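# Observations on chain architecture
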Amino acid sequence: MHILVLILMFVFGSIAAACKGDWSGMAAIGNVILGVVGLIVFLAVLNND
């Protein structure tokens with residue numbers, strides 16, 4: 001439960017910082033999402049029998 005709260009705090013904090021002009025948190029979130037999507041696509045290609 002603590003990990004979920006930490007992730008949500010990071011997301012909301014990044015959105016709040018982006019409203020003030022600091023986009024580094026949003027870039028980090030984008031990199032994580034892109035990495036997860038890339039991993040899913042890579043595993044889907046490998047699993048294609």
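Refer to the structure printed above.
What comes next concerns the included structure. No experiment lies behind these values; they were computed from the predicted model shown.

Right, let's talk about the overall build of the chain for a bit. When helices and strands are counted, the chain shows 2 helices and 0 strands. For the chain, the spread of C-alpha atoms along the principal axes amounts to about 50 × 30 × 10 Å. Within the span of the chain, comprising 49 residues, buried residues form 8% of the whole. Working note: accessible area of the chain is about 4300 Å², and carbon and sulfur atoms make up 78% of it.

On to the side chain of S14. Mapping S14 onto the fold places it in helix α1 (residues 2-19). Taking the relative accessible area as the measure of exposure, S14 reaches 5% and is therefore buried. If near-sequence neighbours (up to four positions away) are discounted, S14 is found in contact with G25, M26 and I29.

This paragraph deals with α1. A rise of 1.5 Å per residue sets the reference length of α1, with its 18 residues, at 26 Å; its end C-alpha atoms lie 26 Å apart and thus fit the reference within 8%. Looking one or two residues past α1, G21 carries a phi angle of roughly 110°, positive in sign.

Helix-helix packing: each pair is described by the crossing angle between the helix axes and the interaxial distance. Contact geometry of α1 with helix α2 (residues 24-46) gives a least axis separation of 7 Å together with a crossing angle of 135°. Of the possible angle classes, the one that applies to α1 and α2 is oblique. Contact residues: F10, V11, S14, I15 and A18 in α1; G25, M26, A28 and I29 in α2. When grouped by side-chain class, the residues that make up the contact of α1 with α2 number 7 nonpolar, 2 polar and no charged.

Cut-offs and rules
Residues numbered from 1 in each chain as written. Predicted model: local features only at pLDDT ≥ 70, side-chain atom pairs only at ≥ 80, totals over all residues. Heavy atoms only, no water. Helix = DSSP H or I, 4+ residues; strand = E, 2+ residues; numbered from the N terminus. Buried < 20%, exposed > 50% of the residue type's maximum accessible area, 1.4 Å probe, protein only. Areas by Shrake-Rupley, 256 points an atom, 1.4 Å probe, with all protein chains shown as cover. Contact = heavy atoms within 4.5 Å. Expected span 1.5 Å × (residues − 1). Axes fitted to C-alpha atoms, helices over the stretch in contact; angles between N-to-C directions. Parallel < 35°, antiparallel > 145°, perpendicular 65-115°, else oblique. Nonpolar A, V, L, I, M, F, W, Y, C, P; charged D, E, K, R; others polar.

Geometric values such as these leave the question of function open.
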